[in-house]
Each structure stands twice: as C-alpha cells, then as structure tokens.
Amino acid sequence: MQIPWESIFEVTNIYAMLCWLVLLFAPRREQALPLLFMAGCGLLALTYAVLIVGLMSGMFDADGPRSQDFSSLAGVMALFDSKGGATIGWIHYLAFDLFVGIWAARNADHRGIARWMQILVLPFIFLLGPLGLVLYLGLRTFAGKSVENGIAPS
C-alpha cells in the first residue's frame, strides 16, 4: 500500500510542535499534563506503532530501500534511506522527546523550579533530546528543591 510519507511527516511534525507549545505556555492545571501526555505522546506512539508494524510486515511501501536489520549500522542506515523509515524514525524521536519534556516539566513543577527557567531548558529537549535532558538534570540539581529520597515521583 502506498503511504503519503511526506504528509504524515508534516502533520506529525506540526502536531508535536503544537504539543510543545502547550507544554511551554499553557497553564499547568491538575489534568493538563496527563491529558497532554495521552493526547501528545500517546497519539504519536500509536501513529509510530501502526506505521512500523505496517512497514515491517510489508503492508506499507517504504518508498525506498527497506531494511529490518537493527543490529548493524548499515541496516539502520538502509532503513532511514527510505521515506517510510525516515518518517517513522522521526515520529519515534518526536514521541520520546515529548515524553521526556513532559516528565521534565512535571518533575520541575514538583521541585518548585520556576516556569521561566523551565522555558529556557525545555526547547533543548525538543530540539536536541539528550542534551536537553542533561541541561534539565543540571538545572534541577542547582535550582530545584530537594524531595524525599532525592527522586521526584513524576
């Protein structure tokens, strides 16, 4: 089955950007982050799951070379050398970066870190994933209040 990979890429990219804007600027009411978690991460993860299963099962055309070899660099490169593989890989990044961003925001709120400080770090999680996480962990070390056992539950 032919899949409109470029359209899926564009829609998921815009959707993730909107989720990040909500995370950065919307009021953090009690149900806001759980809703964002399900509507943002959940929907991106579901999209990823449907697409990766369809691609790996052969139901969807990758629109380029298709690889199922995740055990070698050459296999992973072959997967990303198709529109389908690159789109699915990007959705993977979008879902996990948003997950980490929501965790960091909840953790920062729990530790009493001011929103303006969070807004300085969260875009790095969105744009640079692990580097943003390292920046947040540094921020919480120096700006956050300690919590019982040193670990915030959320």
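Procedures and definitions
- Residues numbered from 1 in each chain as written.
- Predicted model: local features only at pLDDT ≥ 70, side-chain atom pairs only at ≥ 80, totals over all residues.
- Heavy atoms only, no water.
- Helix = DSSP H or I, 4+ residues; strand = E, 2+ residues; numbered from the N terminus.
- Buried < 20%, exposed > 50% of the residue type's maximum accessible area, 1.4 Å probe, protein only.
- Contact = heavy atoms within 4.5 Å.
- Areas by Shrake-Rupley, 256 points an atom, 1.4 Å probe, with all protein chains shown as cover.
- Lys, Arg positive; Asp, Glu negative; His and termini not counted.
- Charge placed at Lys NZ, Arg CZ, Asp CG, Glu CD.
- Core = buried A, V, L, I, M, F, W, Y, C linked by side-chain atoms within 4.5 Å.
- Salt bridge = Lys/Arg side-chain N within 4 Å of Asp/Glu carboxyl O.
- Phe/Tyr/Trp six-rings, centres within 6.5 Å; stacked < 30°, edge-to-face > 60°.
- 1 Å grid on protein atoms, 1.4 Å probe; cavity = no way out; pocket = protein on both sides within 12 Å on 5 of 7 lines; lining within 4 Å.
- Points joined across faces, edges and corners; volume = space filled by probe spheres on them.
- Nonpolar A, V, L, I, M, F, W, Y, C, P; charged D, E, K, R; others polar.
- Axes fitted to C-alpha atoms, helices over the stretch in contact; angles between N-to-C directions.
- Parallel < 35°, antiparallel > 145°, perpendicular 65-115°, else oblique.

> Help me understand the overall build of the protein in this model?
On a plain count of helices and strands, the protein comes out with six helices and zero strands. Sequence-ordered secondary structure for the protein, helices as α and strands as β, is α-α-α-α-α-α. Overall, the C-alpha framework of the protein stretches about 50 × 30 × 25 Å when taken along its three principal axes. In the protein, buried positions account for 36% of the 154 residues. Taking as baseline every contact in the protein between residues at least 6 positions apart, the subset at least 24 positions apart corresponds to 68%. In the form shown here, the protein has an accessible surface area of approximately 8,900 Å², with 70% of it arising from carbon and sulfur atoms. For the protein, the distance from the average site of its 9 positive side-chain charges to the average site of its 10 negative ones is 15 Å.

> Would you mind going over the nonpolar core with me for this structure?
Side chains of a nonpolar character, in soluble globular proteins, are inclined to be buried together. Counting residues in hydrophobic clusters, the biggest one holds 23 residues, and the most contacted among them are Trp20, Leu23, Leu98, Leu122 and Tyr136. If you list the elements that add at least two residues to this core, you get helix H1 (5-25), helix H2 (32-57), helix H4 (83-110), helix H5 (115-128) and helix H6 (130-143). Beyond its immediate sequence surroundings of up to four residues, Leu23 is in contact with Arg28, Leu33, Leu36, Gly101, Ile102, Ala105, Arg115 and Leu122. Counting residues in each nonpolar core, the second largest holds 12 residues, with Ile52, Leu55, Leu79 and Ile91 among its members.

> Can you walk me through the pattern of salt bridges in this structure?
Any two side chains of opposite charge can pair, on the condition that their charged atoms come close. All told, the structure shown has three salt bridges when counted by the stated rule. The salt bridge partner of Lys83 is Asp63, with a shortest N-O separation of 3.7 Å. Separated by 20 residues along the polypeptide, Lys83 in helix H4 and Asp63 in the loop between H2 and helix H3 (73-80) bring together distant segments of the chain. Overall, Lys83 belongs to the partly exposed group, its relative accessible area being 37%. Through salt bridges that share partners, Glu6, Asp63 and Lys83 make up one connected network.

> What's the story with the packing of aromatic side chains in this structure? I'm lost.
By convention here, two paired aromatic rings are described through the distance between centres and the angle between planes. With the rule as written, the count across this model stands at five aromatic pairs. Ring geometry for Phe37 and Phe99: centres 5.7 Å apart, planes at 55 degrees, overall tilted. Of this pair, Phe37 sits in helix H2 while Phe99 sits in helix H4, placing them 62 residues apart in sequence. On the accessibility criterion, Phe99 (40% relative accessible area) is partly exposed. Taken together, the ring pairs in this structure connect Phe9, Trp90 and Tyr93 into an aromatic cluster.

> Just to check I follow, could you spell out the layout of surface pockets for this structure?
Think of a ball as big as a water molecule: rolled over the atoms, this probe shows where empty space is left. The space that makes up the largest pocket amounts to roughly 190 Å³. Lining the largest pocket we find Asn13, Met17, Trp90, Tyr93, Leu94, Asp97, Phe126, Leu127, Leu128, Gly129 and Pro130. Going through the elements one at a time, H1, H4 and H5 are the ones with two or more residues in the lining of the largest pocket. The class makeup of the residues in the lining of the largest pocket is eight nonpolar, two polar and one charged.

> Quick question: what am I supposed to make of the packing of H4 against H6 here?
Packed helices, taken two at a time, are described by their axes: the angle between them and the distance between them. It is at 11 Å that the axes of H4 and H6 come closest, and there the two elements cross at 5 degrees. Between H4 and H6, the angle is such that the two are roughly parallel. Contact with H4, carried on its side by Val100, Trp103, Ala104, Asn107 and Ala108, involves Leu133, Tyr136, Leu137 and Arg140 of H6 and no other residues of that element. Across the contact of H4 with H6, the residue classes break down as seven nonpolar, one polar and one charged.

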